[in-house]
Each structure stands twice: as C-alpha cells, then as structure tokens.
Amino acid sequence: MEKKPIKMGKNKSMDRRSFLKNSALATSGIMIVPRHVLGGKGYTAPSDRLNIAAVGAGGKGDGNIRAASLWNRATGETQENIVALCDVDQKMAKESFKRFPKAKRFKDFRVMLNEMADDIDAVIVSTPDHSHATAALPFMQLGKHVYVEKPLTHNVYEARVLTEAAAKYNVVTQMGNQGSSGDGIRQVCEWVEIGIIGDIREVHCWTNRPVWPQGLARPQDDFPIPDTLDWDLWLGPAPDQKYHPGLVPFGWRGWWDFGTGSLGDMACHIIDPAFKALKLKYPIAVESSTVTKYARMWAVENNVESAPPASLIHFDFPARGDMPPVTLHWYDGGLMPRRPIELKEGEPMGSGDGGGILVGDNGKIMFDTYGANPRLLPSDRMKYFKQPEPFIERVKVSHQRNWINAIKNGGECSSSFDYAGPFTEMVLMGNLALRSAVIQDGRGYPGRKRLLWDGDNMKITNFKPANQFVKRPYRDGWELKV
C-alpha cells in the first residue's frame, strides 16, 4: 500500500479567500486581477505581494526580512513589499534601512501599528526574547500573520498566550527555529516512526553555548546611552534599569530580565527533532543542577539575575500512545553526555554547536544542530542502511518562505504556534527549574528538588515558590493585553 506524504503539523494557514478578507487589499476594495492579465510566466501581480513589516530590523531581523521577501542582492528587488521597519537601535538597523528605502521607519512598534495597521499583512518579530510576546500579540489580535524568532517567548505563560491567540485569530504563524524546515528533522521523524532503533526511552541534547558571559552580578557602572538607541523602548516590558553596553546588542541573552540563557538560545534548534519525532508535549517533571560559584571560602555567590555558566537539566515525559515514557537530558556550558561507545576515535560527536542522541532499544540516532546530518550509530551502519522511501513532505524553500507560502497559498508551516507554543513551554520549563534552584537550597547546591509540573494548568505542584517564574511582572504600559 502506497504511503501518502505526512504533513508535519496542524494546518493553521488560511485559504486565499480568507486571507484577502483579512488583508489590507480587501479592506481597501481593490479587486484581485488574474496573473495572466497583467503579465506572463513568473510575473507577480501586485495583489499577490504581501505587505510585510518588521519589529527588529537589525542583526537576525535583517536576515529574516531578506529571506522572507526574497530580496535580490544584485537588483535590490523583492517578491514581497517591505512596508515598515521598526527598531529601537537605529545603528543596528541601518543596513535594512538602506536595503528597503521605501519602508516607513519607526522606533516604537505600537506607533507603527497605530499608523499602519491597514497597510500591513504580516509581521516579522526579531527582537530580544523579552519583547517577543508584547510585540507579536497586538498584531495577531488585528489578524496579522506573524513570524517570531526563537524562543517563541520569554516565559511559559507568554507561550500559552501566543498559542491560544494563533487559534483565536486564525493567523498563520511560524517560530524562527530554521531547522524545523530542514530535511534532517524529517528523516529523524521517519526513522523513529518506522521503528529503526526500537522504542526510545532516553534522549541527550547539548550545546556549546553560552559563548557570552553568564553567572554575573548586575553591573553598577554608569554609561552614557548612545544617541542611536532608545533605551526605554529597548527595555520594553522589562524592569527599569541602567543602560550597560554589555547588554546591547548581544549580551542580553544571559540576563533573566531579557534573555533565556543557553537553553532558550539553542534548545529550540537542537531538541526540535526529538520533540517532534517522539510526539512530546508537556513534561511531568523537571530537575536541574548547575555550577556553584564561590566569592571566597564557603561563601556562595548566587547571581540570581543571570543564567548560570553551565547547567544540566532532566525532563521527564509520560507515555504517548504506544510510545514509552522518556527522559530528555540537556547539557550546556561545556557539559556533555558520555561519548557513545559506538563512536570511533576522532569521530565527531554532533557538530561544533551541539547535537543530540536518541537512545533506542535497538540502536542510537545522532544528529547535529538544527537536526542536520542524522546518522545511525555506529556510523558504519549507514553503509548498509537502506533509506526508507520518504513519506513526510519536504520543504523546498527557506523557513521564512515556508511561512510566506502558507499565508499566500495555504499549506503547513513547519513550526506554527500550535506546535512551537507547547515546545517553547517545555524548553522554558528548564529555566524555571534553574531559577527555582537558588530558592530551594540556601546553601547554593541547586538541583536537589524534582519539580512536578501540571502542564495543562501551568503550575508546579510540589514547590509553590517556583510558580513565580511561570509568568513575570510587566513594566507599566507594557502589559500583555489578552
């Protein structure tokens, strides 16, 4: 019996009629003109071009904008309209401003939304983690499709809010974990589906992050705020505090007020194949351990405002259908799982940025960051391994264009929020455990308590103080308006 292609996620896209109904084209009364009337093969009718805005136009945002719009380096032309660019740091965004001179420029996404809501179809959010949800939600509430960088949100509560908003407002969504559109993750899912290594009860995932400072005390120095940066807007929902050059543009990742540490940075790339192939959702328990820093003999220095330099986190998942319970182990800061005995001397373990290993009853699968280059262990097994006929549909465009195509033509997004939301909740549960560890043990030996998690209700059931990290307080004027 021929196997039909399996799609990777629930269809959250809209048909063309629904899209037009919610787009600026429909509200302005412009009629769709058939492509063949306006031009020949390859001609893009104006009505087929999306009006895209970006919140965060520098750095990763610049790359996302170029990929989504199919910007042509030689001609500067795009297949979509970049109508608005918003960035609180004019220096960081200067290259995007040059590339898209017709786009209106903003510092505050709220002003952009008020002025241009009728002219925007879709929004790319590439801000620091702490601003993801506050920037994305108001656009979703007006029916705008959103692409949000990973991790989807700063905390568990925000991930749940965006997941529910995507369904409520029927918008097309994508989290920016690019490997989710790759062939590697689909291969892993196929191998697991047909049982090549049997039942899987253990997973190991690791990263080389952090490659920025972590475990630090809050800086106390006074520094002048650059003229090109609106510091108040950069803080957004985070607590008011002094500007420090170590935070902008990249050092924010290690600070709990703004970032989500090594786990938030890389787990959405590295754990993705395991989460998808093993049909995981909420863990039932999480336990962590980290390095302990000492200021002097027997004087523990717990810097609770910054993520630890290294951590080890264990996630326990229940049985799913005919799949047995599984434990996923996460390592960062130079910590790694034991080297598999099946690896030959000198054979790389994962890739430079990290990797993962699925441990089955009948073998192991190892993959690199982004789920790339999956292989059976020992690797000699690949010489005789007959690849199964692919039965999961491949994505033939970039991750960003996967989102654009779903908006324009219908179809699946590789990491739509119905998948990415629960996945992000699972990832950020690890940070909840890390932050709770300091509270659990005043002596500074964290990770002794196994936190029990009620995923449906977003609640730790055996250690109430940990629940303060499910949701954060918001600075006045920046609250999530659900």
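Each value, and the rule that gives it
Residues numbered from 1 in each chain as written. Predicted model: local features only at pLDDT ≥ 70, side-chain atom pairs only at ≥ 80, totals over all residues. Heavy atoms only, no water. Helix = DSSP H or I, 4+ residues; strand = E, 2+ residues; numbered from the N terminus. Buried < 20%, exposed > 50% of the residue type's maximum accessible area, 1.4 Å probe, protein only. Contact = heavy atoms within 4.5 Å. Areas by Shrake-Rupley, 256 points an atom, 1.4 Å probe, with all protein chains shown as cover. Expected span 1.5 Å × (residues − 1). Core = buried A, V, L, I, M, F, W, Y, C linked by side-chain atoms within 4.5 Å. Axes fitted to C-alpha atoms, helices over the stretch in contact; angles between N-to-C directions. Parallel < 35°, antiparallel > 145°, perpendicular 65-115°, else oblique. Left-handed = near helix turned anticlockwise from the far one by under 90°. Nonpolar A, V, L, I, M, F, W, Y, C, P; charged D, E, K, R; others polar. Lys, Arg positive; Asp, Glu negative; His and termini not counted. Salt bridge = Lys/Arg side-chain N within 4 Å of Asp/Glu carboxyl O. Pairing = 2+ DSSP bridges.

Here's the deal with the overall build of the chain
Inference 1: If you tally the helices and strands in the chain, you get 15 helices and 17 strands.
Inference 2: Going through the 482 residues of the chain one by one, you find that 57% of them count as buried.
Inference 3: Sequence-distant contacts, at least 24 apart, represent 72% of the contacts inside the chain between residues at least 6 apart.
Inference 4: Only carbon and sulfur atoms are counted for the fraction: they give 52% of the accessible area of the chain, which is about 21,500 Å².

Points about unusual backbone geometry
Inference 1: A cis amide bond links Arg209 with the next residue in sequence, Pro210, at an omega value of 10 degrees.
Inference 2: Within the secondary structure layout, Pro210 lies in the loop between strand 7 (200–207) and helix 10 (231–235).
Inference 3: The amide bond that connects Val248 to the next residue, Pro249, takes the cis arrangement and shows omega of 5 degrees.
Inference 4: By the element assignment, Pro249 lies in the loop between helix 10 and helix 11 (261–270).

Topic: helix 8 (residues 156–169)
Because each turn of an α-helix spans 3.6 residues, side chains separated by three or four positions in sequence point in the same direction.
Inference 1: The terminal C-alpha atoms of helix 8, which comprises 14 residues, lie 20 Å apart, in line with the 20 Å expected from a rise of 1.5 Å per residue.
Inference 2: Inspection of helix 8 places Val156, Tyr157, Glu158, Ala159, Arg160, Val161, Leu162, Thr163, Ala165 and Ala166 among the buried residues, and these make up the whole buried set.
Inference 3: A positive backbone phi angle near 55 degrees is found at Asn170, which sits one or two residues after helix 8.

Details of the nonpolar core
Inference 1: By size, the foremost hydrophobic cluster in this structure holds 102 residues, and its most contacted members are Trp234, Trp330 and Leu358.
Inference 2: Judged by nonpolar contacts, the second largest core, of 22 residues, contains Ile65, Ala68, Ala122 and Ile124.

Here's the deal with the packing of helix 7 (residues 132–141) against helix 8
Inference 1: For the pair helix 7 and helix 8, interaxial distance at closest approach is 10 Å and the crossing angle is 15 degrees. Relative to helix 8, the element helix 7 lies roughly parallel. In the crossing of helix 7 with helix 8, the sense of the turn from one axis to the other is left-handed. For the pair helix 7 and helix 8, the contacting residues are Ala133, Ala136, Leu137, Met140 and Gln141 in the first and Glu158, Val161, Leu162, Ala165, Ala166 and Tyr169 in the second.
Inference 2: Looking at the contact of helix 7 with helix 8 residue by residue, the class counts come to nine nonpolar, one polar and one charged.

Some details on the side chain of Glu149
Inference 1: By secondary structure assignment, the location of Glu149 is in strand 5 (residues 145–149).
Inference 2: Despite its burial, Glu149 pairs with no opposite charge, the nearest such side chain being Lys60 at 4.6 Å.
Inference 3: Setting aside anything within four residues of it in sequence, one finds Glu149 in contact with Lys60, Asn64, Val125, Ser126, His132, Met175, Gly176 and Gln178.

Observations regarding the sheet that holds strand 11 (residues 311–317)
Inference 1: Read across the open sheet, the nine strands follow the order 15-14-13-7-12-11-8-16-17; overall the sheet is mixed. Because the sheet does not close on itself, it has two edges, and the strands there are strand 15 (375–377) and strand 17 (459–460).
Inference 2: Note: strand 8 (residues 285–290) against strand 11, six bridges, orientation antiparallel. Counted as the bridge partner of Val286 is Phe315 from strand 11.
Inference 3: On the sheet, helix 9 (residues 183–193) packs against strand 7, strand 13 (354–360), strand 14 (363–368) and strand 15 and is oriented at approximately 170 degrees with respect to strand 14.
Inference 4: Against the sheet, helix 11 engages strand 7, strand 11, strand 12 (326–332), strand 13 and strand 14, with an angle of about 130 degrees to strand 12.

A word on helix 7
Inference 1: Burial within helix 7 is extensive, with eight of its ten residues counted as buried.
Inference 2: With its phi angle positive at about 80 degrees, Gly143 sits one or two positions after the end of helix 7.

A word on the packing of helix 6 (residues 109–116) against helix 7
Inference 1: Closest axis-to-axis distance for the helix 6/helix 7 pair is 10 Å, and the angle between their directions is 10 degrees. When the interaxial angle is binned, helix 6 and helix 7 end up roughly parallel. For the pair helix 6 and helix 7, the contacting residues are Phe109, Met112 and Leu113 in the first and Thr134, Ala135, Pro138 and Phe139 in the second.
Inference 2: Its residues assigned to classes, the contact of helix 6 with helix 7 shows six nonpolar, one polar and no charged.

A short note on the pairing of strand 8
Look at any regular strand and the pattern is simple: side chains alternate between the two faces of the sheet.
Inference 1: Sheet topology places strand 8 next to strand 16 (residues 451–454); two bridges connect them, and they run antiparallel. Bridged to Val286 within strand 16 is Leu451.

Some remarks on the sheet that holds strand 2 (residues 81–86)
Inference 1: With parallel pairing, six strands are arranged side by side in an open sheet as 3-2-1-4-5-6. The sheet is open, and its two borders are formed by strand 3 (104–106) and strand 6 (173–176), each paired with just one other strand. Strand-to-strand twist in this sheet, taken as the mean axis angle between neighbours without regard to direction, amounts to 15 degrees.
Inference 2: Pairing of strand 1 (residues 51–55) with strand 2 involves five bridges; the strand directions are parallel. By the bridge assignment for strand 2, Ile52 is matched with Ile82.
Inference 3: Packed onto the sheet, helix 7 meets strand 1, strand 4 (122–125), strand 5 and strand 6 and runs at close to 170 degrees relative to strand 5.

Geometric values such as these leave the question of function open.
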